[in-house]
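Descriptive analysis of the structure
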Amino acid sequence: MYTIISGTNRADSNTIKIARQYDYFLRQKGIEPNFLSLENMDVNHRSPAMIQLEKTILIPAKKFIFIAPEYNGSIPGVLKSLIDISDIKNVWWGKKALLAGVSTGRAGNLRGMEHFTGILHYVKVIVHPNKLPISIVDRLLDAEGKITDPATVKVINQQLDEFIEF
Ligand SMILES: Cc1cc2nc3c(=O)[nH]c(=O)nc-3n(C[C@H](O)[C@H](O)[C@H](O)COP(=O)(O)O)c2cc1C
């Protein structure tokens, strides 16, 4: 089972738009992923809602796709907090992850993806080496939040094909 995590709590983020595109491309390949947005999520304590989320879409997932925006040169704090409050052994150990970074700047969260790789390795998650920086994201999305740039569509699909085989 696949779970896509949109790694920000910012409302109306570009990250969630990119994450929805990953969801769409995966479905085109015959895979029906779960989708988790960190918007409106309380990651400050292990609430009943958090425990329920773990049971339904985090623990059963074998593969995670993280879409993480670049906030001040790294991943958002809310994404680290999700890891910190989770049941580490049951949610993460031995699982696999694919990463994409999102920014309006030029880096596409390259540095944040490296930081996050270190964290994921610490919780025994195997990270796919093809990490995709999606930079100047505001120029890649149309009014409906779809990616218009064919080169970006191509590299996302390549990345997903590799992850399916991973
Ligand atoms: C708190 C915060 C910090 C940010 N820091 C950076 C940054 O370090 N580098 C960058 O290129 N863009 C930065 N941005 C802009 C984001 O790249 C931009 O908002 C992009 O759309 C991804 O974030 P979003 O998913 O919240 O929209 C920052 C945005 C916020 C809200």
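Sequence order sets the numbering: in each chain, residues are counted from 1 along the sequence as written. pLDDT decides what is reported in this predicted model: residues at 70 or higher carry local features, side-chain atom pairs at 80 or more are listed and counted, and totals for whole chains, interfaces and linings draw on all residues regardless. To obtain the side-chain values, all non-hydrogen atoms of the structure were included, while hydrogens and water were left out.

Named according to an unreviewed UniProt entry, the chain is NADPH-dependent FMN reductase originating from Pinibacter soli.

If DSSP finds at least two bridges between two strands, the strands pair. Helix and strand assignments follow DSSP, with helices taken as H or I runs no shorter than four residues and strands as E runs no shorter than two, numbered in order from the N terminus. Looking at chain direction, strand 1 (residues 2-6) and strand 2 (residues 34-37) are connected through 4 bridges and run parallel. By the bridge assignment for strand 2, Ile5 is matched with Leu36. You can see the chain leave strand 1, run along helix 1 (residues 14-28) and come back into strand 2, and the turn it takes is right-handed. For crossovers, right-handed means that the path from the first strand over the helix to the second runs clockwise, given strands pointing away from the viewer.

This part covers the layout of surface pockets. Its boundaries defined by the atoms lining it, the largest pocket holds a volume of some 150 Å³. As defined here, a cavity is a set of points on a 1 Å grid over the protein atoms alone where a 1.4 Å probe fits but cannot get out. A pocket is an open set with protein on both sides within 12 Å along at least five of seven lines, and residues line them when an atom is within 4 Å of a point. Arg10, Ser13, Asn14, Thr15, Pro69, Glu70, Tyr71, Val102, Ser103, Thr104 and Val137 are the residues that line the largest pocket. Tallied by class, the residues present in the lining of the largest pocket amount to 4 nonpolar, 5 polar and 2 charged. Grid points are joined across faces, edges and corners, and a volume is the space filled by probe spheres set on the points. Three residue categories are used. Nonpolar comprises Ala, Val, Leu, Ile, Met, Phe, Trp, Tyr, Cys and Pro, charged comprises Asp, Glu, Lys and Arg, and polar comprises the others, including Gly.

Looking now at the packing of helix 1 against helix 6 (residues 150-165). With their axes 10 Å apart at the nearest point, helix 1 and helix 6 run at an angle of 60° to one another. What the angle tells us is that helix 1 and helix 6 run oblique. Read as a crossing pair, helix 1 and helix 6 show a hand that is right-handed. Taken together, the residues of helix 6 that come into contact with helix 1 (itself represented by Tyr22, Phe25 and Leu26) are Val153, Ile156, Asn157, Gln159, Leu160 and Ile164. Of the residues contributing to the contact of helix 1 with helix 6, the split by class is 7 nonpolar, 2 polar and no charged. Angles run from 0 to 180 degrees between N-to-C directions of axes, and those axes are lines fitted to C-alpha atoms, restricted for helices to the stretch in contact. Roughly parallel refers to an angle under 35 degrees, roughly antiparallel to one over 145, roughly perpendicular to one between 65 and 115, and oblique to any angle outside these ranges. Handedness of a helix crossing follows the sense of rotation of the near helix relative to the far helix, less than a right angle counterclockwise being left-handed and clockwise being right-handed. Residue contacts are defined here by distance: any two heavy atoms, one from each residue, within 4.5 Å place the two residues in contact.

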